Amino acid sequence: MRIKNLLNSRHIRASAFGSLSIKFLATFFAFLSGILLARLLGLEGFGFYTLAFSTVILLSVPLSLGLPNLITRYVSKYESSGNYPAIKGLLIRTKQIVYGSSSGILIIALISYYFWWKNLNPILVQTIWYGLVLLPFIGLQSIRAAALRGMRFIILAQLPDSLLKNFLLCFGLGVFYIFNFKLTPPLAMQIHILATLIAYIVGYVFYRKEIVKKIRNLKPIFKNKEWLKQTMPFSINSGIQVIKNKLLVYVLAIFGSVEAVALFDIAIRGASLVAFALDALNTGIAPYISAAFEKNNLNSLQRIATKSSRLTFIFALPVVLIFILGGEKLLVFLFGEAYQNSYIPLVIMCLGQLINVATGSVGLVLNMTGHQAYITKVIGFNALLNILLCIPLVFYFDVIGAALIYSSLLIIQNVVLVLYTKKNLNIDTTIL
């Protein structure tokens with residue numbers, strides 16, 4: 001009866017729309033922060049900030065090792081069966097991994113500094129150093145949010161790390177803009193650190209109240225072999241995905257310019273608005289997909305997938321049309337004339353994201369149903385294509401080339417996954 005209630009459409013709708021509302025506000029503040037950063041830092045300064053932050057995100061890959069997806073799936077599974085000692089064991093072990101990996105990354109960063117990147121641009125180096133402070137918080141936040149999602153506290157999982165952090169960052173940058181204070185990339189990263197720290201504290205309060213109190217006096221159960229076996233595909237998937245996306249930033253910096261990095265980032269920020277509803281609903285429906293699959297309720301799983309894909313497409317289509325018809329003027333109005341050349345890359349990536357939305361939550365469905373190994377193969381092949389194609393495309397077509405490889409690989413990946421899902425799960429995640 002408990003599982004039946006959890007899979008009730010009313011619960012799913014409440015979770016999905018709550019998640020969508022938070023994601024909308026978080027995306028709005030993140031986009032506004034991008035506008036403020038672009039205007040306050042200028043084209044070159046914004047390029048340095050983007051490079052530094054991309055480096056931090058890249059270094060965070062071995063930090064979490066794909067653990068958030070594993071945690072959401074297994075916490076949902078254990079909570080449904082009342083196995084709270086296993087939840088405690090999973091959370092203890094994953095925190096240990098984050099502490100160990102973050103320490104190792106910082107040591108490697110320190111060593112590599114003396115042998116390599118200390119000779120880079122001083123502004124970039126200083127910004128990267130400040131960005132490294134974010135690493136342990138990124139890992140711990142992702143674990144905490146994943147655990148809350150698994151326990152179906154979808155709103156609490158997103159409030160601190162998604163909404164509050166972006167609001168605080170936007171507020172801090174807004175103060176500099178209103179009072180005409182001078183902002184540098186290192187100072188912008190310090191504001192980011194402060195926003196992250198405050199959001200982390202608030203998030204820990206939620207985590208302690210809803211999860212820690214329930215498992216505090218329990219003896220943990222560790223299923224290390226099972227978790228390790230299941231987390232490997234998640235780790236490879238998340239790692240390749242981040243590396244594939246950030247590779248374009250570094251290729252642009254090497255074969256293009258720092259200014260090209262800034263233009264590409266603006267285009268990505270705009271294109272991300274197309275898929276914001278998909279990202280939001282994925283966060284809200286993940287535990288319900290996992291629970292439906294565990295109970296072999298494929299009809300419920302299909303309903304969730306179909307309704308969510310159609311809803312996200314309704315949100316995505318107007319955004320794409322706005323950017324296609326008036327994107328050039330909008331870029332100049334919001335970011336300044338220096339970012340006008342982001343228009344064509346923006347349109348290309350918006351079209352790619354529209355097809356991404358039309359294919360629905362296919363990656364999430366496969367991850368939550370134990371088919372992450374196949375995703376690894378597809379993402380790995382895509383990453384190989386990315387490596388082979390990104391350098392010549394960026395060399396000859398600059399930011400437009402980066403946008404072409406970004407969208408084409410995104411489309412190929414999702415089409416292949418949709419076909420596999422139809423064949424092996426008999427689930428259609430598209431809007432059709």
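For the structure, check the block above.
Right, let's walk through the structure included here.

The rules behind these values
- Per-chain numbering applies: the sequence of each chain, read as written, is numbered from 1 onward.
- The predicted origin of the model limits local features to residues at a pLDDT of at least 70 and limits the giving and counting of side-chain atom pairs to 80 or more, whereas totals for whole chains, interfaces and linings rest on all residues.
- To obtain the side-chain values, all non-hydrogen atoms of the structure were used and water was disregarded.
- Any carboxyl oxygen of Asp or Glu that lies within 4 Å of a side-chain nitrogen of Lys or Arg is treated as forming a salt bridge with it.
- Each helix is a run of DSSP H or I of at least 4 residues and each strand a run of E of at least 2, with the numbering of both proceeding from the N terminus.
- Using a 1.4 Å probe on the protein chains alone, a residue whose accessible area is under 20% of its type maximum counts as buried, one over 50% counts as exposed, and one in between counts as partly exposed.
- We call two residues in contact whenever any of their non-hydrogen atoms come within 4.5 Å of each other.
- Here a patch means residues that are over 30% exposed by relative accessible area and free of salt bridges, tied together within 9 Å if like-charged and within 5 Å if nonpolar (Val, Leu, Ile, Met, Phe, Trp, Tyr).
- We get accessible surface area from the Shrake-Rupley algorithm with a probe of 1.4 Å; when it comes to residues, only the shown protein chains can shield them.
- Put simply, a nonpolar core is a bunch of buried Ala, Val, Leu, Ile, Met, Phe, Trp, Tyr and Cys residues held in one set by side-chain atoms that sit within 4.5 Å of each other.
- Each residue after the first adds 1.5 Å to the expected span of a helix.
- Centre distance within 6.5 Å is the pairing criterion for rings of Phe, Tyr and Trp, where only the six-membered ring of Trp is used; planes under 30 degrees apart are then read as stacked, over 60 as edge-to-face, and the remainder as tilted.
- Two conditions define a charge located above a ring, namely a distance within 6 Å from the ring centre to NZ of Lys or CZ of Arg, and an angle within 35 degrees of the ring normal.
- Structural elements are reduced to axes, namely lines fitted to C-alpha atoms, with helices fitted over the stretch in contact, and the angle between N-to-C directions of any two is expressed from 0 to 180 degrees.
- Each angle receives one of four descriptions, namely roughly parallel if under 35 degrees, roughly antiparallel if over 145, roughly perpendicular if within 65 to 115, and oblique otherwise.
- Should the near helix be turned anticlockwise from the far one by less than a right angle, the crossing is left-handed, and should it be turned clockwise, the crossing is right-handed.
- Only Asp, Glu, Lys and Arg are considered charged, only Ala, Val, Leu, Ile, Met, Phe, Trp, Tyr, Cys and Pro nonpolar, and every remaining residue, Gly among them, polar.

## Examining the pattern of salt bridges
1) Next: A complete count under the given rule lists 4 salt bridges for this structure.
2) Next: In this structure, Arg152 engages Glu79 in a salt bridge whose closest nitrogen and oxygen atoms are separated by 2.8 Å. Within this pair, whereas Arg152 is found in the loop between helix H7 (135-150) and helix H8 (154-178), its partner Glu79 is found in helix H4 (residues 67-81), the two being separated by 73 residues in sequence.
3) Next: Take Arg152: its relative accessible area is 13%, and that puts it in the buried class.
4) Next: Residue Lys422 pairs with Asp428 through a salt bridge whose shortest N-O separation is 4.0 Å.
5) Next: Residue Lys422 is classed as partly exposed on the basis of its relative accessible area, which comes to 36%.

## Section: the environment of Ile128
1) Next: Structurally, Ile128 is set in helix H6 (residues 122-132).
2) Next: The class for Ile128 is buried, based on a relative accessible area of 7%.
3) Next: Ignoring sequence-local partners within four residues, the contact set of Ile128 consists of Ala52, Thr55 and Trp117.

## Quick notes on a nonpolar patch on the surface
1) Next: Taken together, the side chains of Ile254, Phe255, Ile344, Ile391, Phe395, Tyr396, Phe397, Ile400 and Leu404 make up a nonpolar region of the molecular surface, amounting to roughly 920 Å² of accessible area.
2) Next: Where the nonpolar patch is concerned, the elements lending two or more residues are helix H10 (224-255) and helix H16 (372-425).
3) Next: Looking at the nonpolar patch, the element that brings in the most residues is H16, giving 6 residues.
4) Next: With respect to the element layout, Leu404 can be found in helix H16.
5) Next: A residue is classified by how much of its surface remains accessible, and Leu404, at 38% relative accessible area, is partly exposed.

## Description of the nonpolar core
1) Next: Core analysis: the biggest nonpolar cluster contains 103 residues, and Ile71, Leu91, Leu183 and Phe335 have the highest contact counts within it.
2) Next: The element that contributes the greatest number of residues to this core is helix H2 (residues 9-59), accounting for 15 residues.
3) Next: In contact with Leu91, other than residues within four places in its own chain, are Ile71, Ile143, Ala147, Tyr207, Ile211 and Ile215.
4) Next: Judged by nonpolar contacts, the second largest core, of 21 residues, contains Ile289, Val365, Leu366 and Leu425.

## Here we look at helix H11 (residues 258-272)
1) Next: Taking 1.5 Å per residue as the helical rise, H11 with its 15 residues ought to reach 21 Å, and the 21 Å between its terminal C-alpha atoms agrees with that figure.
2) Next: Counting buried positions along H11 yields 11 of 15 residues, so the element is predominantly enclosed.
3) Next: Of all the residues in H11, the buried ones are Val258, Ala260, Val261, Ala262, Leu263, Phe264, Asp265, Ile266, Ala267, Gly270 and Ala271.

## Concerning the packing of aromatic side chains
The relative placement of two aromatic rings is captured by the distance of their centres and the angle of their planes.
1) Next: With the rule as written, the count across this model stands at 21 aromatic pairs.
2) Next: An angle of 65° between the planes, with centres 5.3 Å apart, marks the rings of Tyr113 and Trp129 as edge-to-face. Within this pair, whereas Tyr113 is found in helix H5 (residues 84-115), its partner Trp129 is found in helix H6, the two being separated by 16 residues in sequence.
3) Next: Here the aromatic rings of Phe255 and Phe395 are separated by 6.4 Å at their centres, their planes lie at 80°, and the arrangement is edge-to-face. A residue pair is termed long-range when its members are at least 10 positions apart, and Phe255 in helix H10 and Phe395 in helix H16 qualify at 140 residues.
4) Next: A cation over an aromatic ring shows up here: Arg152 above the ring of Tyr288, its NZ or CZ 6.0 Å from the ring centre.

## Some words on the packing of H8 against helix H9 (residues 185-215)
1) Next: One way to put it is that H8 packs onto H9 with a least axis distance of 8 Å and a crossing angle of 155°. Here H9 runs roughly antiparallel to H8, going by the angle between their axes. Pair H8 / H9 crosses with right-handed handedness. For the pair formed by H8 and H9, the contact residues are Leu156, Leu159, Pro160, Asp161, Leu164, Lys165, Leu168, Leu169, Gly172, Leu173 and Phe176 on the first element and Leu187, Ile191, His192, Ala195, Thr196, Ile198, Ala199, Val202, Gly203, Phe206 and Glu210 on the second.
2) Next: For the contact of H8 with H9, the class distribution of residues is 15 nonpolar, 4 polar and 3 charged.

Nothing here speaks to function; it is geometry throughout.
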